[in-house]
Amino acid sequence: QVQLVESGGGLVQAGGSLRLSCAASGRSFTNYAMGWFRQAPGKEREFVATTNSNGAATYYAVSVKGRFTISRDNAKNTVYLQMYRLQPEDTAVYYCAARTSSDGFSLKEYGPSYWGQGTQVTVSS
């Protein structure tokens, strides 16, 4: 199985920035679609961003498009979520996710094969 470990969450003021990292263990990382989901208190877990196995294709939720960027470094088995101009509505637990297929669209539509433990992002107004 694959283990995913997120880091980089924290407390930030509105308008600020954070970069989340997700380190993956597993020999097939370069073949996996990777992405980020988030869950706010009392709400369903929602898609944020995904990318295909080589990082060439990306997908973003409308709510974050233009503010967040997903990227990956396959040599380091790591995926990132760079977040700019954070808003209080972005407050949530952010989860790294992986799917044992190369297509980031499939990860977005059908969900992951593996979840990370989550990292808290809190944006104050």
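Residues numbered from 1 in each chain as written. Predicted model: local features only at pLDDT ≥ 70, side-chain atom pairs only at ≥ 80, totals over all residues. Heavy atoms only, no water.

A.B. asks: Account for the sheet that holds strand S7 (residues 68-73), naming residues and giving values.
C.D. replies: As summarised here, the arrangement of the four strands in space is S1-S3-S8-S7, forming an open sheet in which the pairing is antiparallel. Looking at the sheet topology across the chains shown, the edges are occupied by strand S1 (3-7) and S7. When strand polarity is set aside, the average angle formed by the axes of neighbouring strands in this sheet is 15°. Bridge count for S7 against strand S8 (residues 78-83) is six bridges, and the pairing is antiparallel. Following the sheet pairing, phenylalanine 68 is matched in S8 by methionine 83. (Pairing = 2+ DSSP bridges. Helix = DSSP H or I, 4+ residues; strand = E, 2+ residues; numbered from the N terminus. Axes fitted to C-alpha atoms, helices over the stretch in contact; angles between N-to-C directions.)

A.B. asks: Which residues make up the pairing of strand S5 (residues 46-51), and what values do they have?
C.D. replies: Side chains on a regular strand alternate between the two faces of the sheet. Buried residues dominate S5, accounting for five of its six residues. Where strand S4 (residues 33-39) meets S5, five bridges bridge the pair, whose relative direction is antiparallel. In the strand pairing of S5, glycine 35 is matched with threonine 50. Hairpin connection, S4 to S5: the antiparallel pair is bridged by six residues, and glycine 42 has positive phi, about 75°. Connecting the antiparallel pair S5 and strand S6 (residues 58-60) is a turn made up of six residues, with glycine 55 showing a positive phi of about 80°. (Buried < 20%, exposed > 50% of the residue type's maximum accessible area, 1.4 Å probe, protein only.)

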